[in-house]
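Residues per chain are reported as follows:
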Amino acid sequence: MAEHLTRLRSSLVRSAPVLGVLGAVFAYYVWTWGSVAVFVTKMDDGNVLFEDFVNYYYPTGRTILETGRPVADYFYTAFFGLLMVPLGRLPIKDAVIAWGVLQAIGVALLIVIPVRYLLRLSRAERLLYMALCVTSVAVLHNLKWGQVSVFTAVEVFGAFSLASRG
């Protein structure tokens, strides 16, 4: 039991800088925007969180199996439309929450894969990389619009990681 507590304490100590950086960035975002609604309107045009998801991905996921085609102005692959089918089966509020969880996982993987498998960075450099990722305008736009850019970058980093490991 004592060994388990020692490992847990060690993990918490190693995680403290990461949590500190994420907490500082989150506090800055709360101070800057105050709410998700303000973030959405200030980050770019439009006032809908995950607007691309809500207007294109989700409706395509709801209808593609019945109609055999995506909704109007959907400019993505048919395969991606089929991947949206499970989310399209959910009520929109639940689908938006699920998409938000997937977006958060994508951003986490955008940080973890390069840091863990591709880059040889010091601890301070890893923290800086993480801070740059979560404050990147590209990542923030991806989150505002609910786009797939983060997932695409994660796939590329994942492919490089797998290739580098043989």
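Residues numbered from 1 in each chain as written. Predicted model: local features only at pLDDT ≥ 70, side-chain atom pairs only at ≥ 80, totals over all residues. Heavy atoms only, no water.

Got a sec to walk through the environment of Val139? Specific residues and values, please.
Relative to the helices and strands, Val139 is located in helix H8 (residues 137–145). Given the relative accessible area of 7%, Val139 is considered buried. A C-alpha to C-alpha distance of 8.1 Å links Val139 and Ser149, two positions ten residues apart in sequence. (Helix = DSSP H or I, 4+ residues; strand = E, 2+ residues; numbered from the N terminus. Buried < 20%, exposed > 50% of the residue type's maximum accessible area, 1.4 Å probe, protein only.)

Lay out helix H7 (residues 123–135) with the relevant residues and their values.
Its 13 residues place the ends of H7 18 Å apart at the C-alpha level, agreeing with the 18 Å of an ideal helix rising 1.5 Å per residue. All buried positions along H7 are accounted for by Leu127, Tyr129, Met130, Ala131, Cys133 and Val134. (Expected span 1.5 Å × (residues − 1).)

An account of the packing of helix H6 (residues 92–118) against helix H9 (residues 149–164) is needed here, citing residue identities and associated values.
Geometry of a packed helix pair, given as the angle between the helix axes and the separation of the axes. Two elements in contact, H6 and H9, have axes whose closest approach is 9 Å; the angle formed by their N-to-C orientations is 30°. By the criterion of interaxial angle, the relationship of H6 to H9 is roughly parallel. Considering how the two elements wind past one another, H6 and H9 form a crossing that is left-handed. Residues Trp99, Leu102, Gln103, Gly106, Val107, Leu109, Leu110, Ile113, Pro114, Tyr117 and Leu118 of H6 pack against Val150, Phe151, Ala153, Val154, Phe157, Gly158, Phe160, Ser161 and Ser164 of H9. Looking at the contact of H6 with H9, its residues break down into 15 nonpolar, five polar and no charged. (Axes fitted to C-alpha atoms, helices over the stretch in contact; angles between N-to-C directions. Parallel < 35°, antiparallel > 145°, perpendicular 65-115°, else oblique. Left-handed = near helix turned anticlockwise from the far one by under 90°. Contact = heavy atoms within 4.5 Å. Nonpolar A, V, L, I, M, F, W, Y, C, P; charged D, E, K, R; others polar.)

Lay out the packing of helix H3 (residues 51–67) against H6 in plain terms, naming residues and giving numbers.
Where H3 meets H6, the closest approach of the two axes is 11 Å, and the angle between their N-to-C directions is 105°. Judged by the inter-axis angle, H3 sits roughly perpendicular to H6. In this structure, H3 uses Phe53, Val54, Tyr57 and Tyr58 to contact H6, whose residues at the interface are Ile92, Ala95, Val96 and Trp99. Here the contact of H3 with H6 is composed, by residue class, of eight nonpolar, no polar and no charged.

Give me the nonpolar core: which residues, what numbers.
Membership of the largest hydrophobic core comes to 22 residues, with the highest contact counts inside it found for Val21, Trp33, Phe39, Val107, Ile111 and Leu140. At the level of elements, helix H1 (2–33), helix H2 (36–43), H6, H7, H8 and H9 are the ones that each hand at least two residues to this core. Ranked by residue count, the leading element in this core is H7, at six residues. Residues contacting Val107, with those up to four places away along its chain left out, are Val134, Val139, Leu143 and Val150. (Core = buried A, V, L, I, M, F, W, Y, C linked by side-chain atoms within 4.5 Å.)

Let's hear about H2: which residues, and what values?
Within the sequence span of H2, burial applies to Phe39, Val40 and Met43. Each buried residue of H2 lies within a common arc of 100° when the element is viewed along its axis, so the set occupies one face. Residues of H2 that are exposed and point over 90 degrees away from its buried face: Ala37 and Lys42. (Arc of directions from axis to C-beta.)

Summarise a nonpolar patch on the surface; cite the residues concerned and give the values.
Taken together, the side chains of Ile97, Val101, Leu102, Ile105 and Leu109 define a hydrophobic patch exposed on the protein surface, amounting to about 420 Å² of accessible area. Along the chain, the position of Leu102 falls in helix H6. (Patch = residues over 30% accessible without salt bridge, like charges linked within 9 Å, V, L, I, M, F, W, Y side chains within 5 Å. Areas by Shrake-Rupley, 256 points an atom, 1.4 Å probe, with all protein chains shown as cover. Salt bridge = Lys/Arg side-chain N within 4 Å of Asp/Glu carboxyl O.)

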